[in-house]
Amino acid sequence: MSTSSITDCAIQSGNEINISNTISISKSLTSLDNDLFRASNENKKSLDIDNLNNNLSSLEHVRESLANLSKLANIRVVKSLARSHSLSQVKTALTMYQCGKYISLKNGKYIVLNRCHKRLCYICNQIKGKQYSLIATKALSQMRYDLADECSSDTPSNKQMIGIKLTLNTGTACTLEHLRDRISILHRCFARLLRLTAIKDDLIGSIRATEITQSNDDDDNTLANPHIHSLLLLRKDCDLNSITSTLNRYWPKAIKKQIARLRLQDSNYSSVAAFQQCEQLYIQSTDDAHSWLTYMTKGGYDLERDSHSIAYHKTSSNFWQAVDTAIKGMRLIASSGELKDAIALVKANLQKSELDTQLHSHVWSSSQSRYVTAEQYNPSNENIAFISSSLSYADNNQHIGYIFRDELTQHHGELMSTELDHIGSTLLNTQSYSLFEQKEYLFINKHKIAEHYAEPDEVERESLVIKRKQRIANEQN
Ligand SMILES: [Zn+2]
C-alpha cells in the first residue's frame, strides 16, 4: 500500500461527501483505515516502524468535508466551556477555538497545523484515537501469541490467543454531579475484573477506552452515560463459557456494591444492564481487532454516523462543563499485560511528526462557518467577537470581558500579520522603502514582542567600553 493510493482513496471520496451522505463517508473511511492498517501490518514480528510512522502522519490528514464537520464539533464544545463560571474552562475554550484554525491542503487532504491537544477537542480526539488504534494494532504483531484465525498451522495452541469485545457501564445514567464518582467506579471495577481468579491466568493483555455520552431524563434534565469499551486478549485454550458467565455475574454486582458504598443510588437506579456486551471478535484476526480498536477509540461520538451526529448536536453546555471537570487527571485509555508492553515498544520507536513547519492553505472563517482558502480569507470580514457574541445575556457570565479581550487581541494580531504579509510582497515587487516609514507601527509592535529586547543595548554598551579602553590605551602609547 503506497501513500499515493491512500491519497487517491481520499480524493475520490472527497467530492461526493456531504453531511447527509454519511454512508459513503463511513465506507471510504473504513477502507482508508483498513488500507493504512494493512500497510502497517506487513512484516509481522519485525517492527517496521518507518511504515507505521508514515501511516500515523497520514492520519493527521483530514478530508475537506470531515475537516468542516470536526471544526463545527470543536466549536460546540468551545461555546459550552466559554459559558462556564470557571476561568480555567473559559481559557480552555479560547485555546480550543484556535485548534484547526489553519490547515494545509496536500494531495487532496487537509492537515491540521495548530492543534490544541485539549481533552474535549473533537479534532484532536479524532486524530489521537485513530493513531492509538493503529499503534495498538501494530502492537498485536509484537506479542508472543498470535491471533487464532491467522497463525500458521504449526503454531502450538498455547501460543494462540483470542480477542473478546467488552462493553460495560455503571447501570442507569447518572446526574452530572455523580459523573466523576461513576467514572472512578468504572475504572476500579474494571481493574478488579482483570484480577478475577477465573480470568487472570488466561488473560494475556487488555486495553480499555472510556467514553461519556449524554442522555436526558423525562424532565429533560441532563444525564451522563459513562461506559468502557475493551479488548481482552485471552489464551485460545481457556474455558470461554465459564469466563463469560463469571464476568456477567461479577460486573453488575460489583458496580451496584460500589454505588451503594458511595451512596450514589436513587430510587430509579439499576445495574441490570451494566454488562452490555461480551463477544468474540467475528474473525480472530488483526484486521478484525483493528476495526474494534478503531471503534473503541472514537471518543464517544462518531460524527460520520447519523445517529451519533444528531446526538452530538443535542449535547448541552452543562454536559461538556461537567465532563471537563470529571475527567481531570483520569486516564481514559489504558492497557495492561503483554499488550501494554508491546504498545510501549511501538511508541518508543515512533518519530515526532513535524507538521507545524508547513504553510497553511486554508483558514477557518467564523463568518461563513467553513474553511476558505488563504487568499479568500480576510480577517476584516470576520466576526471579531465570535465566542463572546455567542454567550446569552441569561448566562450572566463574569468572564465575558476576558473572552472579548482575548478575541480582540487575536483579531488585531491577524490584521497585523495580514498587513505585514501584504507589505512584504509589495516591497519585493516595488522595492519602495517609503512603505517602511508609512507602516512603522507594524515594526515597532514586532520589536516589542521580541524576547531579548534589551540585548542590543547591552552589546552596544559593552562594545563602547571596549572601544574607550582601546582609545585610552592608544593615547597612552
Ligand atoms: Zn484540538
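This part takes up unusual backbone geometry. A positive phi angle, close to 60°, is found at His117, a residue other than glycine. Relative to the elements of secondary structure, His117 occurs in the loop between strand S3 (109-112) and helix H6 (122-140). For His117, a count of 12 C-beta atoms within 10 Å translates into the label exposed. A positive phi is found at Ser369, a non-glycine position, where the angle reads about 55°. Looking at where Ser369 falls in the secondary structure, it is placed in the loop between strand S11 (362-365) and strand S12 (370-373).

Core analysis: the largest hydrophobic core is formed by 91 residues, its most contacted members being Val78 and Cys121. Considering each element in turn, this core owes the most residues, ten residues, to H6. When residues no more than four places from it in sequence are discounted, the contact partners of Cys121 are Asn74, Val77, Met96, Cys99 and Cys116.

What follows concerns the pairing of strand S7 (residues 203-216). Of all 14 residues in S7, ten are buried, a share of seventy percent or more. In this sheet, strand S8 (residues 222-235) lies alongside S7 in antiparallel orientation, the contact comprising 13 bridges. For Glu211, the partnering residue across the bridge sits in S8 and is His227. Relative to strand S10 (residues 333-336), S7 runs antiparallel, the two sharing four bridges. Within the sheet, the bridge partner assigned to Ala209 lies in S10 and is Ile333.

Calculation criteria
Residues numbered from 1 in each chain as written. Predicted model: local features only at pLDDT ≥ 70, side-chain atom pairs only at ≥ 80, totals over all residues. Helix = DSSP H or I, 4+ residues; strand = E, 2+ residues; numbered from the N terminus. Buried ≥ 20, exposed ≤ 12 C-beta atoms within 10 Å, placed from the backbone. Core = buried A, V, L, I, M, F, W, Y, C linked by C-beta atoms within 7 Å. Contact = placed C-beta atoms within 7 Å. Pairing = 2+ DSSP bridges.

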